[in-house]
Amino acid sequence: MELIDTHCHLYAPEFAEDIDIMIQRARTAGVIRFYLPAIDRGSEKDMLDLEKRYPDICFAMQGLHPSSVKGDVEDALQHVEQSLTQRKFSAVGEIGLDFYWDRTFEKEQYRAFHQQIKWALQFDLPIVIHSRNSIEQTISVVREHQNGNLRGIFHCFNEGEKQANEIIALGFYLGIGGTLTYKNSKLPATLKNIGLENIVLETDAPYLPPVPFRGKRNESSYIVYVAEKIAEVKGVSREEVSRITTANALKIFS
Ligand SMILES: [Zn+2]
C-alpha cells in the first residue's frame, strides 16, 4: 500500500528531536512522498533543509500563509516571487484566506491570495489552499482565476456537500485529514456522495491528529487512520483508497 501525505509540516520544531525515526515510521506505514507547505520566511530555512535531507521523498512548496499576511505583505510577496523564479517548487502553498483568528489584514489577505494564484498560473504550479471561516470567499477567488489551467487542493476540507461539489466543479481536489475521524465531524456524511477520484490524503502534521491520537502530536504515519476511515465511509478497501488517492496526488504535483 502506497500513500502520499500531501500536506505535512515535518520541518516544525515538534519533530526536531526524532525526524529521521518519524519519517522511517511513515515509510514503513507506506508513505512514499511528503509534501511540505510553506508558511512564511520564519520557517523557510527549516523546510528547505528537510527537503535537502530527503530530496527524493520530501517536496517543498513556496507561498505565504494567510495567517502570516501582515502589514509587510508586499515585502513578503516579493520574496515569494523571487524564490519562485529561482528554483522549482512542488506547489504554491499554502495560500488562501483565514478569517478565523483575525480579520485585521483582510484586504492584504485577498491581495496575497490573488497575486499568488497568478504566479501559480505563470509558473504552471498547483496551488494548495488554506481556508478557514472563508470557504465561500475562497471558492469565488479561485473561480475568478480558473481559466482551465489552475489546479490544486483545498487542504483540510471540512465543509458540506455543496461546497465539495463547487470545488470539484472547479477541477480541484479535497484534502482530507484527521478531522474526518472526529466524533462530531460532518465530513463522513459529506464524503458518502463524493468520489475517491476527487480526494487526496493529508495529515497536516504536527496538527490535527486523527482519533485515537487527539491531543498528541500528529505525524505522517497516522495517515493510515485517515485512509482507514475513508475506506469505512465509502465501503471500499483501504487498498483502493490508497491506490486512487495516491494517483490523484501524483497527477496534481506532476
Ligand atoms: Zn498546513
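Coordinates for the structure precede this section.
Residue positions are given per chain, counted from 1 along the sequence in the order it is written. Totals for whole chains, interfaces and linings use all residues, but because this is a predicted model, local features are given only for residues with pLDDT of at least 70 and pairs of side-chain atoms are given and counted only at 80 or more. Based on all heavy atoms of the structure, the side-chain values leave hydrogens and waters out of the count.

A.B. asks: So what about the packing of aromatic side chains? Which residues, and what values?
C.D. replies: Working definition: a ring pair exists when centres of Phe, Tyr or Trp rings (six-membered ring for Trp) sit within 6.5 Å. Plane angles under 30 degrees give stacked, over 60 give edge-to-face, the rest tilted. Following the criterion strictly, the structure yields 8 aromatic pairs and no others. Taken together, a centroid distance of 5.8 Å and an interplanar angle of 80 degrees make the contact between Phe154 and Phe172 edge-to-face. With Phe154 in strand β6 (residues 152–154) and Phe172 in the loop between α6 (161–169) and β7 (173–176), this residue pair connects regions lying 18 residues apart in the sequence. The buried category is assigned to Phe154, whose relative accessible area is 2%. Put simply, DSSP marks the helices as runs of H or I at least four residues long and the strands as runs of E at least two long, and each gets a number from the N terminus on. The classification of residues rests on relative accessible area computed with a 1.4 Å probe and restricted to protein chains. Under 20% of the type maximum is buried, over 50% is exposed, and intermediate values are partly exposed.

A.B. asks: Please set out the packing of helix α4 (residues 106–122) against helix α5 (residues 135–145) residue by residue, giving values where relevant.
C.D. replies: In this analysis an axis means a line fitted to C-alpha atoms, helices contributing only their contacting stretch, and an angle means the value between N-to-C directions, from 0 to 180 degrees. Where α4 contacts α5, the axes come no closer than 11 Å and their chain directions differ by 35 degrees. α4 and α5 meet at a crossing whose hand is right-handed. Here Tyr110, Phe113, His114, Ile117, Lys118 and Leu121 of α4 lie close against α5, whose contacting residues are Gln137, Thr138, Val141, Val142, Glu144 and His145. Split by residue class, the contact of α4 with α5 holds 6 nonpolar, 4 polar and 2 charged. By the definition used in this description, the sense in which the near helix is turned from the far one sets the handedness, with an anticlockwise turn below a right angle giving left-handed and a clockwise turn giving right-handed. Two residues qualify as a contact provided that any one of their heavy atoms is within 4.5 Å of a heavy atom in the partner residue. For this classification, Asp, Glu, Lys and Arg are treated as charged, while Ala, Val, Leu, Ile, Met, Phe, Trp, Tyr, Cys and Pro are nonpolar and the rest, including Gly, are polar.

A.B. asks: Kindly report on the pairing of strand β2 (residues 31–36), identifying the contributing residues and their values.
C.D. replies: Sheet topology places strand β1 (residues 3–5) next to β2; 3 bridges connect them, and they run parallel. Paired with Leu3 across the strands is Val31, a residue of β2. Every crossover in which the path from the first strand over the helix to the second runs clockwise, viewed with the strands pointing away from the viewer, is termed right-handed. Viewed along the sheet, the connection from β1 through helix α1 (residues 19–28) into β2 turns out right-handed. Taken together, β2, helix α2 (residues 41–53) and strand β3 (residues 58–60) form a β-α-β motif whose crossover is right-handed. When DSSP finds two or more bridges between a pair of strands, those strands are recorded as paired.

A.B. asks: Any chance you could break down the coordination of the zinc ion for me, citing the residues and the numbers?
C.D. replies: In a perfect tetrahedron of four donors around a metal, the angles come out at 109.5 degrees. In a perfect octahedron of six, they are 90 or 180 degrees. Note that water is not among the atoms used; donors are N, O and S atoms within 2.8 Å of the metal (3.2 Å for Na, K and Ca), so sites may look incomplete. Around the zinc ion, the protein contributes the donor atoms His7 (NE2), His9 (NE2), Glu94 (OE) and Asp204 (OD), at 2.1 to 2.8 Å from the metal centre. Seen from the zinc ion, its 4 donor atoms lie at angles of 85 to 172 degrees, and the figure they make is irregular. Every donor residue of the zinc ion comes from the same chain, spaced as H-x1-H-x84-E-x109-D. Separated by 197 residues along the polypeptide, His7 in the loop between β1 and α1 and Asp204 in the loop between β8 (199–201) and α8 (223–234) bring together distant segments of the chain. Side by side, His7 and Asp204 carry an identical accessibility label, which is buried. The geometry test gives tetrahedral to four donors whose angles all lie between 85 and 135 degrees, gives square planar to four donors and octahedral to six donors whose opposite members are over 155 degrees apart with all other angles between 65 and 115, and gives irregular to the rest.

A.B. asks: So, the pattern of salt bridges: which residues are in play, and what are the values?
C.D. replies: Any two side chains of opposite charge can pair, on the condition that their charged atoms come close. Between Lys or Arg on one side and Asp or Glu on the other, a salt bridge is scored when a side-chain nitrogen of the former is within 4 Å of a carboxyl oxygen of the latter. On inspection of all chains with the given rule, the structure shows 15 salt bridges. Close ionic contact of Arg41 with Asp75 constitutes a salt bridge, the shortest N to O distance being 3.5 Å. With a gap of 34 residues between them, Arg41 in helix α2 and Asp75 in helix α3 (residues 73–86) connect regions that are remote in the sequence. A salt bridge links Arg217 to Glu219; the shortest N-O distance between them is 3.2 Å. You can call Glu219 buried: its relative accessible area is 3%.

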